[in-house]
Amino acid sequence: MSACAGSMLNFAEHGVHLIEFGSGSSQKVRHLLDTNKNIVAYTAIDISREHLVESCARLSREYSDISVSAICADYTKEFNLPKLPFPKARKVGYFPGSSIGNFLREEAVEFLKRAGELLGPNSQMLVGIDLKKDREVLEAAYNDSQGVTAEFNLNILQRAVKELGVSIDIERFRHQSVYNQEIGRIETHILSTEVQSLDWRGKIINFDAGEKIHTENSYKYSIEEVHALASDGGYLVETSWLDEKSFFGVHLLALKE
Ligand SMILES: C[S@@+](CC[C@H](N)C(=O)[O-])C[C@H]1O[C@@H](n2cnc3c(N)ncnc32)[C@H](O)[C@@H]1O
């Protein structure tokens, strides 16, 4: 994003209304806001209200010439966009990272169709999609030596302890991500390292040694599959930006007429 952001949205004559699906801390969008001076409005959508309000308040202070709005919603469900005084601005959806890879393929198609309906005629989507690559590269990334992914994955157990009162020893579980080449996805699990039981409000859940909880999928796409996915979702790939190793791509999709 930092290398290519400046060339991504500099086409729309009447400005761009950028709409981010799952805006989180609205960090990646700054690359676009900093380098595309035709962005007149930014709408952040996130399910996490507190985080959303805080990030948008900060953004609105820092980018005072852009109209910033926030929608707390589940982007897989129906919701409306705010009515803004930029009727001619091109609506561009932004779905960075590779969040689309967390959907099953049919869910990703459904998401794109829904986005097209929400954004309307002449709209576009700027989508990050992780590309297929060697198993070794993928598995090293998801089992990173600094343990970042492991911490993120095992956090669900921390939350189960804190928020649901589940009684478990987290040390007896470990993170595991494996590339399922046949399906083309990273499958992430929490693996029980020994025979054990956990107690959730009197409900006992037993684990064998090596038994797994499947926590996440991350689908990888080839360039051809990106085009097919976009097409099934109602879009055509207009421009793609790849890194020098072709590990990852950001694609500008145009809604089909
Ligand atoms: C990995 S963060 C991405 C943050 C930001 N887009 C970025 O790339 O810097 C994913 C964000 O999506 C939000 N999210 C996940 N599922 C969602 C859903 N179904 N509806 C709305 N927001 C969702 C989460 O709350 C989180 O803030």
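Here we summarise the structure given alongside this text. (Residues numbered from 1 in each chain as written. Predicted model: local features only at pLDDT ≥ 70, side-chain atom pairs only at ≥ 80, totals over all residues. Heavy atoms only, no water.)

### Digging into the site of the ligand
Looking at the ligand, the residues that line it are Glu20, Gly22, Ser23, Gly24, Lys28, Asp46, Ile47, Ser48, Ala73, Asp74, Tyr75 and Pro96. Glu20 places a side-chain nitrogen or oxygen 2.7 Å from a nitrogen atom of the ligand. With respect to the ligand, the side chain of Asp46 contributes an N or O atom lying 2.6 Å from an oxygen atom. Compared with its free state, where it exposes 600 Å², the ligand has 69% of that area covered by protein. Judged by the proximity of its atoms to the pocket grid, the ligand belongs to the largest pocket. (Near = heavy atom within 4 Å. Polar contact = N/O pair within 3.5 Å; in protein donor to acceptor, adjacent residues only side chain to side chain. Areas by Shrake-Rupley, 256 points an atom, 1.4 Å probe, with all protein chains shown as cover. 1 Å grid on protein atoms, 1.4 Å probe; cavity = no way out; pocket = protein on both sides within 12 Å on 5 of 7 lines; lining within 4 Å. Sits in = over half its atoms within 2 Å of the grid points.)

### Points about the nonpolar core
Core analysis: the largest hydrophobic core is formed by 28 residues, its most contacted members being Phe21, Phe95, Ile100, Phe111, Met125, Leu229 and Leu253. Broken down by secondary-structure element, the contributors of at least two residues to this core are β1 (16–21), α3 (105–119), β5 (124–130), α6 (223–232) and β11 (235–242). At six residues, α3 tops the list of elements feeding residues into this core. Ignoring anything within four residues of it in the chain, the contact list for Leu229 reads Ile100, Arg105, Ala108, Val109, Leu112, Ile129 and Tyr221. Judged by nonpolar contacts, the second largest core, of 23 residues, contains Leu52, Ile66, Val92 and Tyr94. (Core = buried A, V, L, I, M, F, W, Y, C linked by side-chain atoms within 4.5 Å. Buried < 20%, exposed > 50% of the residue type's maximum accessible area, 1.4 Å probe, protein only. Helix = DSSP H or I, 4+ residues; strand = E, 2+ residues; numbered from the N terminus. Contact = heavy atoms within 4.5 Å.)

### Side note on the layout of surface pockets
Roughly 950 Å³ of internal volume is contained in the largest pocket. Forming the walls of the largest pocket are 28 residues, and the residues nearest its centre are Ser98, Ser99, Asn102, Phe152 and Glu216. Sorting the residues of the lining of the largest pocket by element identifies β1, α4 (135–142), α5 (148–164) and β10 (212–219) as the ones contributing at least two each. The element that contributes the greatest number of residues to the lining of the largest pocket is α5, accounting for three residues. In terms of residue class, the lining of the largest pocket is made up of ten nonpolar, 13 polar and five charged. The residues that make up the lining of the largest pocket include at least three from each of domain 1 (5–132 + 221–255) and domain 2 (135–219). (Points joined across faces, edges and corners; volume = space filled by probe spheres on them. Nonpolar A, V, L, I, M, F, W, Y, C, P; charged D, E, K, R; others polar. Domains from an automatic or database assignment.)

### A look at the pattern of salt bridges
Evaluation of the coordinates by the stated rule reveals twelve salt bridges. With its nearest N and O atoms 3.0 Å apart, the salt bridge here joins Asp232 to Arg105. With a gap of 127 residues between them, Asp232 in helix α6 and Arg105 in helix α3 connect regions that are remote in the sequence. The class of Asp232 is partly exposed, set by a relative accessible area of 39%. The exposure class assigned to Arg105 is partly exposed, which follows from its relative accessible area of 31%. Between Asp130 and Lys220 there is a salt bridge whose closest N-O contact spans 2.7 Å. Note that Asp130 is positioned in strand β5 and Lys220 in the loop between β10 and α6, a separation of 90 residues in sequence. The same class applies to Asp130 and to Lys220, which are both buried. Bridged by salt links that share partners, the residues Asp130, Lys133 and Lys220 form one connected network. (Salt bridge = Lys/Arg side-chain N within 4 Å of Asp/Glu carboxyl O.)

### A word on the packing of aromatic side chains
Under the counting rule described, the total for this entry stands at nine aromatic pairs. Between the aromatic rings of Phe21 and Tyr75, the centroid separation amounts to 6.3 Å while the plane-to-plane angle is 75°, which identifies the pairing as edge-to-face. Of the two residues, Phe21 is situated in strand β1 and Tyr75 in the loop between β3 (67–72) and β4 (90–95); the sequence distance between them amounts to 54 residues. Exposure remark for Phe21: the relative accessible area of 2% places this residue in the buried category. Given a relative accessible area of 21%, Tyr75 falls into the partly exposed group. Members of the aromatic cluster, each reached through a chain of ring pairs, are Phe21, Tyr75, Phe95, Phe103 and Phe111. (Phe/Tyr/Trp six-rings, centres within 6.5 Å; stacked < 30°, edge-to-face > 60°.)

Just distances and angles here, no functional claims.
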